[in-house]
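Fold and geometry: a report
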Amino acid sequence: PADGTLTQVGSYEDAMRYGAYVVVVTDGGLEIYLGHLNHEDVAPGLAVGQRAAAGAIVGYLSEFAYSTPHTHVQLRRGGALVGAGEWWAAWEGR
């Protein structure tokens, strides 16, 4: 939804329990966690600390044998969960 910086790239072994995941922190401070990504293609061509433009591809959907394909999206600000209403308000006001 906004330009940001890639701050984390994680794998299945990490404690986040998202499987392969990335975290992008927007310029406005919103932390976007994207989990259940394909571990071979998380953030292709990107590295922690690099900028990601709004709409940039930072990973690809994984297809688990025990689940339907989906991505886990979690929004945080200062580590605290953010409700969807705040996110939508920010999106509409951009």
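Before going into details, it helps to say that this report is about the structure given with it. These figures come from a predicted structure and were not determined experimentally. Counting starts from 1 at the beginning of each chain's written sequence and moves along it residue by residue. Predicted model: local features are reported for residues with pLDDT of at least 70 only, side-chain atom pairs are reported and counted for 80 or more only, and whole-chain, interface and lining totals are derived from all residues. Hydrogens and water molecules were not included; the side-chain quantities draw on all heavy atoms of the structure.

**Regarding the sheet that holds strand β1 (residues 4–10)**
Within the open sheet, the six strands sit side by side as β4-β1-β2-β3-β5-β6. Their pairing is antiparallel. Only two strands of the sheet have a single partner each, and these edge strands are β4 (51–52) and β6 (80–81). The rule for pairing is simple: two strands pair if DSSP sees at least two bridges between them. Per the convention used, a helix needs a DSSP run of H or I reaching at least four residues, while a strand needs a run of E reaching at least two, with both numbered from the N terminus. Note: β1 against β4, two bridges, orientation antiparallel. Bridge pairing in β4 places G4 opposite A52.

**Section: the pattern of salt bridges**
In the sections that follow, a salt bridge refers to a side-chain nitrogen of Lys or Arg positioned within 4 Å of a carboxyl oxygen of Asp or Glu. For the structure shown, the criterion picks out one salt bridge. Of the charged contacts, one joins R51 and D27 as a salt bridge, the two residues approaching to 2.8 Å between their closest N and O atoms. You can see R51 sitting in strand β4 and its partner D27 sitting in the loop between β2 (20–26) and β3 (30–37), a full 24 residues away along the chain. Relative accessible area decides the class of each residue, using a 1.4 Å probe on protein chains only: under 20% of the type maximum gives buried, over 50% gives exposed, and in between gives partly exposed. R51 gets classed as partly exposed once you look at its relative accessible area, which sits at 46%. Overall, D27 belongs to the exposed group, its relative accessible area being 55%.

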